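Chain and residue survey
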Amino acid sequence: MSGMGRWEIQDSDERTRRAKTFGAEAESYDDHRPDYPLAAVRWALEPLHEPASPRVLDLAAGTGKLTGVALAAGTHVTAVEPDEAMRAVLHQHHPRVPVLDGTAESIPLPSNSVDAVFVGQAFHWFDPPRAFPEIARVLRLGGVLAAFWYDTDTSVEWVAELDRISRSSASLPRPSRQILPSDPRFTPFEHSVFPHYHLRTAESLTATIGTQSHTLVITPAERTALLARVSAFLQTMPETAAGPFEVPLRTEVIRATRLSSE
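Now for a quick tour of the structure. In this text the structure is predicted, and so the values were computed from the model without any measurement.

Before going further, it helps to examine the side chain of Arg258. Its place among the elements puts Arg258 in the segment after strand 7 (245–257). A relative accessible area of 6% places Arg258 in the buried class. A polar contact is formed between the side chain of Arg258 and the backbone oxygen of Ala136, at a distance of 2.9 Å. Beyond its immediate chain neighbours, meaning those up to four positions away, Arg258 contacts Ala136, Leu139, Arg140, Leu141, Gly142, Gly143, Arg185 and Phe186.

In structure tokens, the structure reads:
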């Protein structure tokens, strides 16, 4: 598999450490993280060319942010998530969706059992040499693997400044270029971007930043100082100081189709 740029955290220990931070903040994560645009999910499903409701696996599903949008797109969803607290919140929101304990490296589903595998804001936590074969195993031939990431739109001036001041000692450097992942079990990945927004207040956007992994792994003192800095900035900017405002977002999606060759 080729280098993956932003699509993978290279340090396996760091990847594991960060991935385990979210469960303790499951309720806050669910309250403050944005949803995904429906257009992005529809684009991900396009290669299936099927009118019937496809079977989608939401892998590393978290609290079900992507599950809800996939359901709105008319799919049948099974969720797999390793964290018990995250699974509990997902079940509260979507009680009819099967929610299974598992990981990308060990998926508790039969072979060739789903038409699509969706990964929301989590593909970079996977161990690719183990995850790609397992994802390919559960996908039928011609099925789709699609991964989604949202981020703030730093082409907007105040958003770029917020991004700068909210970085912590654990923030990862932004890659100078983005190399799409590759694996012989899949067609070359395609990439698309979908603009949307997240309605926030100064208080709730500060809380959102507090759910990000780079603020969860730092010391309590650094976290307190970082969130105070963010809050002060938002409360003084004309765009964010008074009442609700729209945070401009970009959701990036990569998709590939399962090939017959191993």
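A word on the nonpolar core. With 27 residues, the main nonpolar core has Leu57, Leu59, Val117, Val119, Phe126, Ile135 and Leu145 as its most contacted residues. Sorting the residues of this core by element identifies strand 1 (55–59), strand 4 (114–120), helix 6 (128–138), strand 5 (139–152) and strand 7 as the ones contributing at least two each. Here the element with the most residues in this core is helix 6; it accounts for five residues. If sequence neighbours within four positions are ignored, Leu57 has contacts with Thr78, Val80, Ile107, Leu109, Val114, Ala116, Val117, Phe118 and Val138.

Take unusual backbone geometry next. Positive phi, close to 55°, is recorded for Ala60, a residue that is not glycine. Even without being glycine, Gln121 reaches a positive phi, approximately 60°. With respect to the secondary-structure elements, Gln121 resides in the loop between strand 4 and helix 6.

To continue, consider the packing of aromatic side chains. Using the criterion set out here, one finds 10 aromatic pairs in the structure. Each ring, one from Phe123 and one from Phe126, has its centre 5.7 Å from the other, and the planes form 55°; the classification is tilted. A single burial state applies to Phe123 and to Phe126, both of which are buried. Consider the rings of Phe123 and Phe132, whose centres lie 5.9 Å apart with planes at 75°: the pair is edge-to-face.

The rules behind these values
- Residues numbered from 1 in each chain as written.
- Predicted model: local features only at pLDDT ≥ 70, side-chain atom pairs only at ≥ 80, totals over all residues.
- Heavy atoms only, no water.
- Helix = DSSP H or I, 4+ residues; strand = E, 2+ residues; numbered from the N terminus.
- Buried < 20%, exposed > 50% of the residue type's maximum accessible area, 1.4 Å probe, protein only.
- Polar contact = N/O pair within 3.5 Å; in protein donor to acceptor, adjacent residues only side chain to side chain.
- Contact = heavy atoms within 4.5 Å.
- Core = buried A, V, L, I, M, F, W, Y, C linked by side-chain atoms within 4.5 Å.
- Phe/Tyr/Trp six-rings, centres within 6.5 Å; stacked < 30°, edge-to-face > 60°.

Everything listed is a geometric property; what it means functionally is a separate question.
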